[in-house]
Amino acid sequence: MTTTQFSSEERNRYKAKAYAAANANSPLASITIPRRDPGEHDVQIEILFCGICHSDLHTVRNEWSAIPTVYPCVPGHEIVGRVTKVGSEVTKFKSGDIAAVGCLVDSDGNCPECQAGFEQYCPNMTLTYNSPDVHLGGVTYGGYSDSIVVKDHFVLRVPSNLDLAGAAPLLCAGITTYSPMRHWGVTKGKKVGVVGLGGLGHMAVKIAHALGTHVVVFTTSLNKKEDALRMGGADEVVISRNTDQMRKHEGSFDFVLDAVSAEHDINSYLRLLCHDGNMTLVGAPDKPHAVAAFSLILKRRSLSGSNIGGIAQTQEMLDFCGKNNITADVEVIPIQKINEAYNRLSKADVKYRFSIDMASLKSQ
Ligand code: NAP
Ligand code: ZN
């Protein structure tokens, strides 16, 4: 019997500590949530660090009309922790191992997408939070918690040389930027633009640099310029509100990654692309973008989107980051500072990812 065949009545549960939002306007606060006892294919993890993604903020505030939020909402999908228990069929992990979980905790395993290793495009995927929970009923609860139970296929290994607080953001920000770069052939010698130096953007810079590209950062924040050059990756920084600086780069990029969380004009970035260049949107503001036909037509440019990454590619990305010593630049916070962190995130004021030290939840 696989874990997904348990009905919500059959499965035993235990209590975990967590932080949740009660509605779209309330601050996050302490809560007790149920977790399932690990089944034969499950891995139980004591969470050590969890990154704060802007998607957590979009979800908590119910900003995505296509994915309404079910409350209480426990966000968090950049999870690193220590294995505390494994089911009888689990061979990949044992108690005491360091393990990680990203945005996905299940998928149907049978569809063409799953068969091809693209679980992130499975029509029946289960997100780490705010997805129907087939085991316990209600919705899944994420990583702002002291413990989680996840099917072994969706649990990843963290290279031992990486700092755990800085490795947590790789599970979303890392894979979301790595995946489209691999798909669109971003390799040595290409010119890559990164729009928005936030959590995703700064990971994109580090990864694009490690892939051997010429990286140009486009930012609205003057004060991030030095950081972009220092953090190991950016070759140039352009203040995107400066139209003269923008014009100089027109028609010269092979690939542009847009990681902006808010409404903005994407045509000025499409015009940066050379012929057959691609711009991929990973930033997910709710309001539709306006695209001028001529931004695309004149140079056969393409515009696409990309959703996180599959499990095999997430492991590939973690190993790549291990080899290249890449982690996020993190501000480590106790969970009690979560609402302050959300306020700063909404103002693009993070250097460059918050990572919650989950030991702080023990004293709650
Ligand atoms: P973040 O840390 O808040 O970074 C977003 C950056 O966007 C900011 O640092 C800022 O960069 C820029 N920005 C913010 N408001 C802006 C505005 N009004 N005009 C222009 N630029 C603005 O967020 P994140 O965690 O990196 O996430 C970024 C986006 O990606 C979010 O929408 C998130 O939901 C989405 N996301 C998508 C996926 C996926 O699978 N596709 C996965 C994870 C996250 P500067 O200060 O440099 O301008
Ligand atoms: Zn995320």
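Thresholds applied
- Residues numbered from 1 in each chain as written.
- Chains lettered and ligands numbered in written order.
- Predicted model: local features only at pLDDT ≥ 70, side-chain atom pairs only at ≥ 80, totals over all residues.
- Heavy atoms only, no water.
- Pairing = 2+ DSSP bridges.
- Helix = DSSP H or I, 4+ residues; strand = E, 2+ residues; numbered from the N terminus.
- Axes fitted to C-alpha atoms, helices over the stretch in contact; angles between N-to-C directions.
- Polar contact = N/O pair within 3.5 Å; in protein donor to acceptor, adjacent residues only side chain to side chain.
- Buried < 20%, exposed > 50% of the residue type's maximum accessible area, 1.4 Å probe, protein only.
- Contact = heavy atoms within 4.5 Å.
- Near = heavy atom within 4 Å.
- Areas by Shrake-Rupley, 256 points an atom, 1.4 Å probe, with all protein chains shown as cover.
- Nonpolar A, V, L, I, M, F, W, Y, C, P; charged D, E, K, R; others polar.
- Salt bridge = Lys/Arg side-chain N within 4 Å of Asp/Glu carboxyl O.
- Arc of directions from axis to C-beta.
- Donors = N, O, S within 2.8 Å, 3.2 Å for Na, K, Ca; no water.

Q: Which parts of the structure should I look at to understand the sheet that holds strand E12 (residues 236-239)?
A: Hydrogen bonds along the backbone pair up the strands of a sheet, which may run parallel or antiparallel. The parallel open sheet is built from 6 strands, whose spatial order is E12-E11-E10-E13-E14-E15. On the outer flanks of this sheet lie E12 and strand E15 (302-305), each paired with one strand and no other. Between one strand and the next, the sheet's axes are offset by a mean angle of 20 degrees, whatever the strand orientation. Pairing of strand E13 (residues 253-258) with strand E14 (residues 273-281), which is carried by 5 bridges, proceeds in the parallel orientation. Across the sheet, the residue bridging to Asp258 is Leu281, located in E14.

Q: What should I look at first to understand the side chain of Asp42 in this one?
A: Among the structural elements, Asp42 can be located in strand E3 (residues 42-52). Within polar-contact distance, the side chain of Asp42 engages the side chain of Arg36 at 2.9 Å.

Q: Would you mind showing me how to read the side chain of Ser145 here?
A: Mapped onto the elements, Ser145 comes out in the loop between strand E7 (126-127) and strand E8 (147-151). Classification of Ser145 by relative accessible area gives buried; the value is 0%. Not counting chain neighbours up to four residues away, the residues in contact with Ser145 comprise Ala16, Lys17, Ala18, Ile33, Arg35, Ile47, Met358 and Leu361.

Q: Honestly, the site of ligand 1 in this entry has me stumped. Any pointers?
A: Around ligand 1, 29 residues are found, and the nearest of them are His54, Thr219, Thr220, Ser221 and Arg353. Taking Leu200, its main chain carries an N or O atom lying 2.8 Å from an oxygen atom of ligand 1. Asn307 is positioned with one of its side-chain polar atoms (N or O) 3.3 Å from an oxygen atom of ligand 1. Protein contacts shield 89% of the accessible area of ligand 1, which totals 920 Å² for the unbound molecule. Counting residues per element, the ones that place at least two in the shell around ligand 1 are helix H1 (54-60) and helix H5 (199-210). Of the residues contributing to the shell around ligand 1, the split by class is 13 nonpolar, 14 polar and 2 charged.

Q: Can you help me understand the pattern of salt bridges in this one?
A: Once their charged atoms are close, side chains differing in charge can pair, the charge on each being opposite to the other. Taken as a whole, this structure holds 16 salt bridges when the rule is applied. Between Glu46 and Lys362 there is a salt bridge, with its nearest N and O atoms 3.0 Å apart. Of this pair, Glu46 sits in strand E3 while Lys362 sits in the segment after strand E17 (353-357), and the two are 316 residues apart along the sequence. What you see here is one network of salt bridges that share partners, running through Lys206, Asp227, Arg230, Asp329 and Lys351.

Q: Explain helix H11 (residues 338-346) to me, please; I cannot follow it from the model alone.
A: An α-helix turns once per 3.6 residues; consequently, residues spaced three or four apart project the same way. Three or more residues of H11 are buried, namely Ile338, Ala341, Tyr342 and Leu345. Buried residues in H11, looked at end-on, bunch into an arc of 100 degrees, giving them a common side. Contacts from the buried residues of H11 go to strand E1 (13-21), strand E2 (28-36), E3, H1, strand E16 (330-334) and E17. Two residues or fewer after H11 comes Ala348, characterised by a positive phi angle close to 55 degrees.

Q: What am I meant to see in the coordination of the zinc ion (ligand 2) here?
A: Note on metal geometry: ideal angles are 109.5 degrees for four donors arranged tetrahedrally and 90 or 180 degrees for six donors arranged octahedrally. Ligation of the zinc ion (ligand 2) by protein atoms is provided by Cys53 (SG), His77 (NE2) and Cys172 (SG), these donors lying 2.0 to 2.2 Å from the ion. When the donors of the zinc ion (ligand 2) are listed by position in the chain, the intervening gaps give C-x23-H-x94-C. Highlighted residues: His77 in the loop between H1 and strand E4 (79-86) and Cys172 in the loop between helix H3 (164-167) and helix H4 (173-183), separated in sequence by 95 residues. With respect to class, His77 is no different from Cys172; both count as buried.

Distances and angles like these do not, on their own, reveal function.
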